[in-house]
Amino acid sequence: MPGGRLTQQERQQIALGLADGLAYAEIARRLDRPTSTITREVMRNGGPTAYRADLAHRATERRAHRRKHTPPRGQGVPAQAHGRDDEAVREYEEAFTTLLMQQGLPKMTARVLTCLFIADAGSLTASELVQRLQVSAASVSKAIAFLEDQGLVSRERDERRLERYFVDDDVWYQSTVASARGTAQVAEIARQGVGILGRDSPAAARLENIARFSDFISESILRAAEQVREVLYTRPEMTPGNTTTPGSDRG
């Protein structure tokens, strides 16, 4: 059934679909499942090249067994706020983490970033991340260092002198800009090869096309990011006549 756990037969169909080179969306359509379910299932069980139905099924049973015997939240892990459903939040965390892993982030880094994204304050201390993720402080530290290098998190000391890690509304803009600049660097290095390999050579023609494409993509992304950022961060301001006019202050 679409809303229940994947069966062993469904996992075998996933493995067959991957072997046939089918996209996740097509496998999901054939099984009448959400694409996110198939994506999460594959990524948490070895990825598209290493997925095996029997191993995935046993791993899922082990995870279910561990959850069944996990101590209650009162013994360390904070309860969910706003009446949220624990299982629904856990499933969402897994789905978001899987997506970030698909985008190229290491697993622990993806887990830490997801945890920060869904924290109401948009910030957590190292000890809070250790507690929430049930991992070592060293694992959190390594993930944070990577995320800082990518410009995805920042750190400050709070009033207790504890280091607190932040994501804010601007983080995806900064990440997008960094990605676009990386694409621009691809254009630059490709264009260097044109001169080195000789403009009339087939290799140079290929590199020139790569450079043109990368330039166009980079410029388009940067322009779109600036436009969208301006729209998203424009807030209505109340005037004395009780009408609203757009303002550009960021909150």
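Undergrad: Is there a simple way to think about the side chain of T39 in this case?
TA: Among the secondary structure elements, T39 is positioned in helix α3 (residues 35-43). Beyond its immediate sequence surroundings of up to four residues, T39 is in contact with Y24, T98 and Q102.

Undergrad: In this structure, what is going on with unusual backbone geometry? I would like to understand it.
TA: Trans peptide bonds make up most of the peptide bonds, and negative phi angles are found at most residues other than glycine. One non-glycine residue, D32, lies in positive phi territory at about 60°. Secondary-structure assignment places D32 in the loop between α2 (24-31) and α3. One non-glycine residue, Q134, adopts positive backbone phi at about 55°. Relative to the elements of secondary structure, Q134 occurs in the loop between α7 (126-133) and α8 (137-149). Residue classification places Q134 among the exposed positions, given a relative accessible area of 58%.

Undergrad: Sorry, what's going on with the sheet that holds strand β2 (residues 154-157) here?
TA: Through backbone hydrogen bonds, the strands of a sheet pair up, either in parallel or in antiparallel fashion. Spatial ordering of the open sheet is given by β1-β3-β2, a layout of three strands whose pairing is antiparallel. Bordering the open sheet on either side are β1 (123-125) and β2, each of which pairs with just one other strand. Across the sheet, the axes of successive neighbouring strands diverge by a mean angle of 30°, strand direction being ignored. Bridge analysis of β1 against strand β3 (residues 163-166) gives three bridges, and the strand direction is antiparallel. Looking across to β3, one finds that T125 is bridged to R164. Across the sheet, α7 lies against β1 and β3, angled at about 90° from β1, the strand it touches most.

Rules behind the numbers
Residues numbered from 1 in each chain as written. Predicted model: local features only at pLDDT ≥ 70, side-chain atom pairs only at ≥ 80, totals over all residues. Heavy atoms only, no water. Helix = DSSP H or I, 4+ residues; strand = E, 2+ residues; numbered from the N terminus. Contact = heavy atoms within 4.5 Å. Buried < 20%, exposed > 50% of the residue type's maximum accessible area, 1.4 Å probe, protein only. Pairing = 2+ DSSP bridges. Axes fitted to C-alpha atoms, helices over the stretch in contact; angles between N-to-C directions.

Geometric descriptors of this kind do not, in isolation, establish any biological role.
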